[in-house]
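Structural overview for review
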Amino acid sequence: MSALAPYAGQLAEGLAALGLEVAEATRARLLAYGELLLKWNRVYNLTAIRRPQEVVTHHLLDSLAVAPWLDKVQRLADIGSGGGLPGIPLAILRPELAVSSVETVNKKASFQQQAKIELGLGNFQPINARVENLQPELPFDGVISRAFSSLGDFVQLAGHLVAEGGALYAMKGLRPDEELGALPAGWTLQAMHALAVPGLDAERHLLVLVRM
Ligand SMILES: C[S@@+](CC[C@H](N)C(=O)[O-])C[C@H]1O[C@@H](n2cnc3c(N)ncnc32)[C@H](O)[C@@H]1O
């Protein structure tokens with residue numbers, strides 16, 4: 001039996017608690033991605049999380065808790081995505097969402113490419129680059145990151161990727177009040193959403209930053 005199979009029920013309940021209707025085949029793909037993370041973690045050093053149950057709570061559900069706030073986004077870039085978080089779970093959840101995933105460490109980007117192939121993710125594109133050097137042909141209406149940098153650095157390094165009318169989405173733990181006080185000129189906080197991640201006893205916030 002696979003390592004994550006015992007937690008399939010917890011994933012289904014967690015997704016329902018997030019208000020997400022997710023077909024069984026999609027849940028199976030999410031678990032398959034979690035299995036790949038666990039399997040390749042030792043080789044690629046993708047994440048500090050090694051317990052299967054925490055892959056469900058801290059990675060899958062944590063990544064998908066932001067989905068309701070991204071429902072209007074069509075082209076999403078995930079910056080400093082490591083093993084593909086939150087980009088791969090979001091790409092699995094929403095096949096119509098085009099996700100580009102920017103990661104500077106070659107072996108992590110290679111893992112993401114392998115996951116794309118194994119999971120058949122046609123809407124997911126890993127890019128092995130430093131985000132500040134990336135000049136995409138088309139900008140993104142959503143640019144997201146989790147555990148990447150301070151808000152100020154996120155704006156400085158990735159702000160150029162955001163299309164007119166688009167936004168930066170920063171996934172944070174505690175309210176980053178100090179970082180908000182040091183936002184670079186020209187950017188402002190549009191919204192801050194407190195998130196409750198099922199099975200995760202910790203504060204989570206999604207901050208939406210836009211150009212002034
Ligand atoms: C703490 S990890 C977070 C990974 C993932 N977002 C997660 O939540 O599990 C931060 C990642 O950002 C990547 N990174 C750091 N600076 C970067 C840059 N300038 N451009 C692209 N990726 C970068 C690192 O290689 C690392 O994989």
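Refer to the structure above for everything that follows.
The structure reproduced in this document is the subject of the present report. All values reported here derive from a predicted model rather than from experimental measurement. (Residues numbered from 1 in each chain as written. Predicted model: local features only at pLDDT ≥ 70, side-chain atom pairs only at ≥ 80, totals over all residues. Heavy atoms only, no water.)

Right, let's get into the site of the ligand. Near the ligand there are 15 residues, and of these G80, L85, E103, E132 and R146 occur at the shortest range. At 2.8 Å from a nitrogen atom of the ligand is found a main-chain nitrogen or oxygen belonging to G80. The contact in question runs from an oxygen atom of the ligand to an N or O atom on the side chain of K108, over 3.0 Å. With the chains in place, 79% of the 600 Å² that the ligand exposes on its own is no longer accessible. Each residue belonging to the shell around the ligand can be placed in one class, and the counts come to six nonpolar, four polar and five charged. (Near = heavy atom within 4 Å. Polar contact = N/O pair within 3.5 Å; in protein donor to acceptor, adjacent residues only side chain to side chain. Areas by Shrake-Rupley, 256 points an atom, 1.4 Å probe, with all protein chains shown as cover. Nonpolar A, V, L, I, M, F, W, Y, C, P; charged D, E, K, R; others polar.)

Across all of its chains, the model carries seven salt bridges by this definition. Residue R51 pairs with E54 through a salt bridge whose shortest N-O separation is 3.1 Å. For R51, a relative accessible area of 48% gives the class partly exposed. Note that R94 and E96 form a salt bridge whose closest N and O atoms lie 2.8 Å from each other. Assessed through its relative accessible area of 14%, R94 is described here as buried. Since its relative accessible area comes to 56%, E96 is described here as exposed. Because the salt bridges share partners, they merge into one network encompassing D62, R146 and R204. (Salt bridge = Lys/Arg side-chain N within 4 Å of Asp/Glu carboxyl O. Buried < 20%, exposed > 50% of the residue type's maximum accessible area, 1.4 Å probe, protein only.)

This brings us to the pairing of strand 4 (residues 140-146). Within strand 4, six of the seven residues are buried, leaving the element largely enclosed by the surrounding structure. Pairing analysis gives three bridges linking strand 1 (residues 75-79) to strand 4, with the strands arranged parallel. The residue bridging L76 from the neighbouring strand is G142, located in strand 4. With six bridges connecting them, strand 4 and strand 5 (residues 162-172) associate as parallel partners. Paired with F140 across the bridge in strand 5 is V162. (Helix = DSSP H or I, 4+ residues; strand = E, 2+ residues; numbered from the N terminus. Pairing = 2+ DSSP bridges.)

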